[in-house]
Structure formats: C-alpha cells, structure tokens
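Chains, contacts and geometry: an overview
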Amino acid sequence: MMSGLGDVVKGAAQIAQAMGVTLKYATRRPVTLEYPEEPMAVFPRYRGQHMLRRYDNGLERCIGCCLCEAACPTGAILVEAAENDPGNPRSPGERYAKTYEVNLLRCVFCGDCEIACPTEAIVLTQSVPMPQRNRANFILTQDVLLEPKDANLVIRPDS
Amino acid sequence: MDWVELLLIPAVKSLVLIVVLLLGFAYMTYYERKFLARLTTRVGPNRAGPKGLLQPIADALKAIFKEEFVPGHVDKWVYIVAPALALIPALVAFAVIPIGPDITIFGHTISLYIADVNIGFLYILAIASVGTYGVILAGWSSNNNYSILGALRTAAQMVSYELPMGIILVSIVLLTSLSTGVGSLSLVELVEVVTPDRSILHWLWLWVAFPIFFICMLAETSRSPFDLPETENELVAGFQTEYGGIKFALFFMAEYIHVITASAIMVTVFFGGWQGPFVDTLPILGVFWFVAKVILVLGLFIWVRASVPRVRYDQLMSFCWKFLFPISLVYLAITAVFVALT
Ligand code: SF4
Ligand code: SF4
C-alpha cells in the first residue's frame with residue numbers, strides 16, 4: 001500500500017514534468033517550413049526536377065542522340081529526333097529533339113540521364129517536382145523542360 | 001405565463017444552444033489542431049481562410065461529400081442509427097447547465113439554461129450512460145469481430161469510469177449542503193446559491209476532487225491518454241471500423257461535443273460556472289465568463305493530450321478499479337465526516 005502511494009506521487013510528478021515540457025515548447029517558434037511562400041534549403045547535389053539547357057546563343061543543347069533514353073533505368077525518357085533545318089537550326093548538331101518527354105511518375109531521380117548526355121543538355125535541377133492535380137501533368141514536355149519555373153529554393157549554407 | 005414564455009423562448013434557446021454546440025464542435029477541432037500544433041512547434045491549419053479559420057468548414061464539406069456506402073454485411077438500420085445515438089446524449093446533457101444568470105429582454109425574464117431540473121446531477125449521469133448504447137450498437141451492427149471487441153472494451157471503459165465520476169458528484173452534492181443546509185442536485189442552484197457563499201475550506205476541499213473528476217472525464221469522453229475506443233493500433237479502429245465519411249465524423253462530433261459538455265460541467269462544479277467580476281451589474285457578462293472558462297478547460301484537455309502517452313487497456317481498467325474507485329470512495333467518506341462535523 002505504501003509503495004503504491006509512492007508510485008502515485010512519482011507518477012503524478014512525472015506527468016506534471018511532461019506537461020511542463022510541452023508547455024515550454026508552446027512558446028517556441030514553429031519550425032514548420034511554409035514551402036511555396038518560404039524558400040526551402042536544399043543541398044547543392046540534390047536531384048530534383050529535370051531541365052533541358054540551351055547554349056548562350058539560344059540554341060538547344062540537345063542533339064537528339066537518345067543516349068539519355070538508353071541510359072534511363074526506368075524508361076522515363078522519350079526522345080524523337082529529327083534533322084535540323086540548316087537555315088534555321090534548333091541545335092548546333094545535325095539533329096535535334098523533335099519530342100522530348102520525361103515521365104516523372106516513373107523517374108527515380110538517379111541522374112543517369114545527366115551522366116549519359118554528351119552535351120550536358122539534360123540536367124537535374126534542385127527544384128522539387130510540384131504536386132499536380134492531373135496525372136498527365138507529370139509528363140514533362142519539352143516546353144516545360146526548356147523553361148523551368150523558378151522554385152523557391154536556396155542552397156543550404158552548411159553544405 | 002403566455003405562449004411566448006411557454007413555447008417560443010425554450011424553442012429559441014434550444015435552437016441557439018444546438019447551433020452553438022455544433023459550431024463549438026467545429027471550432028473545437030480547429031482549436032485542438034492549432035494548440036496541439038503549437039505544443040509540438042508546428043503551425044497547424046493555416047490554408048483555408050485567414051489563419052485557417054475556415055478549416056472546419058472544409059473538413060465538414062469533405063466528410064459530407066465523401067463516398068457514402070453501407071457495407072453489405074451490417075445490420076443496416078442499427079448501423080445507421082448508432083452514430084446519432086452516440087451524438088444525441090452529448091447534445092442533450094447540456095440542457096441542465098446554466099450558462100449565465102437570468103437576463104431580461106422585452107419584459108420577459110430569460111433564464112440562460114434550457115431546464116432547471118432539480119435532479120441535474122442524476123440527469124447528467126443518466127444521459128452519459130446512454131451514449132454507451134451508441135458505441136455498443138455501432139460495434140454490434142457492424143457485424144465484424146474487431147468492431148464488437150472494440151465496442152465491448154469501450155463500453156467497459158465508459159461504465160467503469162462512470163462509477164468514480166458518480167461518487168465524486170455525490171460528494172459534491174453533499175458539499176453543497178454546507179452552504180444551503182440541504183444538498184442540492186440542481187446545477188442552477190449550485191451556481192446561483194452555493195458558489196458565492198462557499199467557505200475557503202469548502203473550496204479547497206472541492207479542489208481536491210478536481211484531478212479525480214478530470215481523469216474520469218478524460219476516460220469518459222475517451223480523450224487521450226484514455227483514447228482506447230479509437231484503437232488504431234490493436235483493433236484497426238475499434239467500434240468504428242466499418243464506418244466512413246460523415247457517419248464516422250458523427251462519432252467524433254459526439255466525442256468533441258462530449259468534451260465540451262464535460263468542460264461545462266467541470267466549470268459549473270469547480271470554477272463557479274458563470275460567476276465572475278462585474279456579472280452583477282451586467283448579467284450578460286456571465287455568458288462571457290462561462291465561455292472563457294470552458295475554453296480554458298478545453299485547453300487543459302488538449303494540453304494533456306499533447307503530453308501524456310496512451311495507457312494500455314489493462315492499465316486503464318486496473319487504474320480505475322484499483323485506484324480511482326477507492327480514492328473517490330475515501331473522498332466521499334471524508335466529505336461525509338466533514339459535512340457532519342460542520
Ligand atoms: S533521373 Fe534516372 S530515372 Fe530519371 S529520367 Fe534520368 S535516367 Fe531516367
Ligand atoms: S538530352 Fe543529351 S543524351 Fe538526351 S538526347 Fe539530348 S543530347 Fe542526347
């Protein structure tokens with residue numbers, strides 16, 4: 001009986017202590033990151049959504065060689081090449097990518113496409129694929145890839 | 001007494017009370033999510049409306065428009081009636097709680113309670129036990145072993161914790177006889193007559209009962225750390241496994257309104273109900289004090305939820321029978337001696 005009473009006192013003290021701890025945290029600033037409004041900090045090597053790069057003169061880097069398509073382990077990339085019009089070229093090579101699509105639902109963000117590309121046309125940016133309301137929007141078409149939207153990101157200072 | 005006082009005023013009062021309670025339920029969920037979030041250094045809902053204030057409406061719309069189906073193997077009518085049976089007792093228990101002093105509008109004196117039942121405490125105890133039917137019938141009609149097990153556990157928990165709660169209420173009734181000479185079961189009388197002329201000793205002794213009563217209320221309303229009726233981890237979802245959409249939400253509505261009612265009872269019994277500064281000059285202020293006190297007690301419920309881990313079922317039962325029950329009996333005995341001596 002006496003030890004039981006001691007347990008009660010000890011238990012009550014522990015509960016009081018626990019409640020003190022939670023109350024202490026109530027005065028702290030929330031650590032929640034309100035992502036689209038507040039910038040998110042990522043590591044520089046973070047692999048996010050894809051981007052197709054251009055040369056400084058505006059020509060597309062991609063020459064439609066399909067090496068990325070071959071390197072992709074999940075078959076997420078679709079490239080269809082076409083011959084360049086010599087008078088109005090889209091890429092400096094003989095060919096350019098007529099269709100270039102990345103299926104984000106299949107991509108595992110391994111970065112193999114980036115490594116395979118001879119012209120460094122396809123790169124993975126730090127931007128996080130945004131949630132979509134429609135499944136079709138997860139297939140990134142060329143116009144999405146060529147002009148990626150700015151994501152609210154910063155590179156982590158501690159990296 | 002004309003028809004205005006006989007019919008119109010009670011009807012309007014009931015309507016207002018129901019609307020306020022339903023709104024109170026909605027904003028109780030908001031309050032809980034916000035406060036819990038702050039206790040765990042999160043922000044909580046802040047997307048729907050300014051500061052997330054429309055979140056309860058968004059939740060309600062979602063629950064209502066969720067796909068509604070009744071599993072084929074259930075006992076259909078009981079299955080549909082059960083959530084309502086859980087909800088109604090929580091609503092009607094409020095009828096005997098005074099939320100303010102009498103006020104006068106257009107020459108009519110309006111009392112701010114639905115009914116001054118002179119067996120108020122008994123009424124609350126009786127109504128509280130009806131809520132158990134909703135749970136049992138939900139579990140039984142679901143025709144699912146998990147549900148029936150969950151329902152029986154829940155019923156056992158509710159019935160067990162009603163005992164110490166009842167004993168504490170009896171002690172409080174005994175204590176009221178210190179002020180009035182005769183013990184009163186009426187909550188209206190408790191606030192209007194008993195609360196102002198309590199002696200210090202009387203208050204202190206009353207406060208000893210508060211932790212016991214509060215623990216009983218936590219278990220009775222199946223709040224954390226006694227939220228075993230939810231049984232997420234052992235019995236999938238206990239008695240509500242087969243429920244979805246708005247029918248599932250009704251059980252939680254019942255729980256939250258129950259919590260509000262429990263807070264109101266505690267405010268009435270321990271915190272002096274609507275009594276507060278300046279009520280004598282401006283009676284309507286009593287409602288304000290009452291609501292403020294209820295919000296504080298609700299905060300206590302949420303604070304406990306954030307701090308104390310859930311207990312195991314056998315701990316729950318042995319805690320009630322081996323600890324709370326004897327303690328409340330001892331409290332009753334001491335109160336009786338105390339009252340007899342003074
Ligand atoms: S990151 Fe990997 S999976 Fe994704 S497209 Fe490139 S190669 Fe394919
Ligand atoms: S992105 Fe690179 S690897 Fe892929 S087709 Fe274009 S040039 Fe070739």
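Report follows, based on the coordinates. All residue numbers here refer to positions counted from 1 along the written sequence of the relevant chain. The order in which chains are written sets their letters, starting at A; the order in which ligands are written sets their numbers, starting at 1. Whole-chain, interface and lining totals are the exception, using all residues; otherwise, since this is a predicted model, local features are given only for residues with pLDDT of at least 70 and side-chain atom pairs are given and counted only at 80 or more. Derived side-chain values reflect all non-hydrogen atoms in the structure, with water molecules and hydrogen atoms excluded from consideration.

When you go through chain B residue by residue, the secondary structure sums to 10 helices and 2 strands. Helix numbers and strand numbers start at the N terminus; a helix is a DSSP run of H or I with at least 4 residues, a strand a run of E with at least 2. Taken from the N to the C terminus, the helices and strands of chain B come in the order α-α-α-β-β-α-α-α-α-α-α-α. We take the radius of gyration over the C-alpha atoms and set the globule estimate at 2.2 Å times the residue count to the 0.38 power. Whereas a compact globule of 342 residues would reach a radius of gyration of roughly 20 Å, chain B reaches 21 Å, a difference of no more than 12%. The principal-axis extent of the C-alpha atoms belonging to chain B is close to 60 × 50 × 45 Å. Counting the 342 residues in chain B, one finds 51% classified as buried. Between buried and exposed lies partly exposed: a residue is buried under 20% and exposed over 50% of the maximum accessible area for its type, with that area taken using a 1.4 Å probe on protein chains only.

Moving on, we get to the pairing of strand E4 (residues 95-103) of chain A. Residues and elements named next belong to chain A. One requirement defines pairing of two strands: DSSP has to find at least two bridges between them. Where strand E3 (residues 77-83) meets E4, 7 bridges bridge the pair, whose relative direction is antiparallel. If you follow alanine 81 over to E4, its bridge partner there is alanine 97. Taken together, the 2 bridges between E4 and strand E6 (residues 139-140) define a ladder with antiparallel strand orientation. Pairing of asparagine 103 across the sheet is with isoleucine 139, part of E6.

Attention now goes to the sheet that holds E6(A). Pairing is antiparallel in the open sheet, where 3 strands are placed in the order E3-E4-E6 (chain A). Each edge of the sheet is formed by a strand with only one pairing partner; in this case those strands are E3 and E6 of chain A.

This paragraph deals with the site of ligand 1. Any residue with a non-hydrogen atom lying within 4 Å of a molecule or strand is treated as near it. Within the structure, ligand 1 sits among 13 residues, and A:Cys72, A:Cys107, A:Cys110, A:Gly111 and A:Cys113 are positioned closest to it. Class assignment of the residues belonging to the shell around ligand 1 gives a composition of 9 nonpolar, 3 polar and 1 charged. Each residue gets one of three labels, nonpolar for Ala, Val, Leu, Ile, Met, Phe, Trp, Tyr, Cys and Pro, charged for Asp, Glu, Lys and Arg, and polar for the others, Gly among them.

Along an α-helix, a turn takes 3.6 residues, which lines up residues three or four apart on a common side. Between the first and last C-alpha of helix H1 (residues 3-39) of chain B there are 51 Å, a value that for 37 residues agrees with the 54 Å anticipated at 1.5 Å per step. Phi turns positive one or two residues past the end of H1(B), at B:Thr41, with a value near 50 degrees. For a helix, the expected span equals 1.5 Å multiplied by the number of residues minus one.

Turning our attention to empty space enclosed by the protein. Residue and element names in this part refer to chain B. Here a cavity means grid points, on a 1 Å grid over the protein atoms only, where a 1.4 Å probe fits yet cannot get out; a pocket means an open set of points with protein on both sides within 12 Å along at least five of seven lines; lining residues are those with an atom within 4 Å of a point. Grid points are joined across faces, edges and corners, and a volume is the space filled by probe spheres set on the points. All told, the structure shown has 4 cavities of 30 Å³ or more when counted by the stated rule. Approximately 210 Å³ is the volume found for the largest cavity. The wall of the largest cavity is formed by 17 residues, among which Met158, Ser222, Phe239, Phe251 and Glu255 lie closest to the centre. Those elements that place two or more of their residues in the lining of the largest cavity are helix H4 (120-141), helix H5 (145-180) and helix H8 (245-270). With 5 residues, the top contributor of residues to the lining of the largest cavity is H8. Looking at the lining of the largest cavity residue by residue, the classes come out as 8 nonpolar, 6 polar and 3 charged. Of the voids in this model, the second largest cavity is the one considered here, and its volume is about 110 Å³. As for the second largest cavity, its lining consists of 14 residues, and the residues nearest its centre are Ala93, Ala128, His258, Thr261 and Ile265. A per-element tally of the lining of the second largest cavity places H8 first, with 4 residues. Taken together, the residues of the lining of the second largest cavity break down into 10 nonpolar, 3 polar and 1 charged.

Attention now moves to the packing of aromatic side chains. Residue and element names in this part refer to chain B. Between 30 and 60 degrees the pair is tilted, below 30 it is stacked and above 60 it is edge-to-face, where a pair is any two Phe, Tyr or Trp rings, Trp via its six-membered ring, whose centres lie within 6.5 Å. Summed over all chains, the structure comprises 20 aromatic pairs over all chains. Arranged with centres 5.2 Å apart and planes meeting at 45 degrees, the rings of tryptophan 207 and phenylalanine 210 form a pair that is tilted. Residue tryptophan 207 and its partner phenylalanine 210 are located together in helix H7 (residues 200-220), separated by 3 residues, close to a single helical turn. Judged by relative accessible area, tryptophan 207 falls into the partly exposed class, the value being 37%. Given a relative accessible area of 9%, phenylalanine 210 falls into the buried group. Pairing phenylalanine 226 with phenylalanine 319 gives two aromatic rings, centres 6.3 Å apart and planes at 20 degrees, and the pair type is stacked. Residue phenylalanine 226 is located in the loop between H7 and H8, and its partner phenylalanine 319 is located in helix H10 (residues 313-341); the two are separated by 93 residues in the primary sequence. Residue class for phenylalanine 226 comes out buried when judged on its relative accessible area of 5%. These aromatic residues form a ring-pair network of at least three members: Trp207, Phe210, Phe213, Phe214, Phe270, Phe271 and Phe301.

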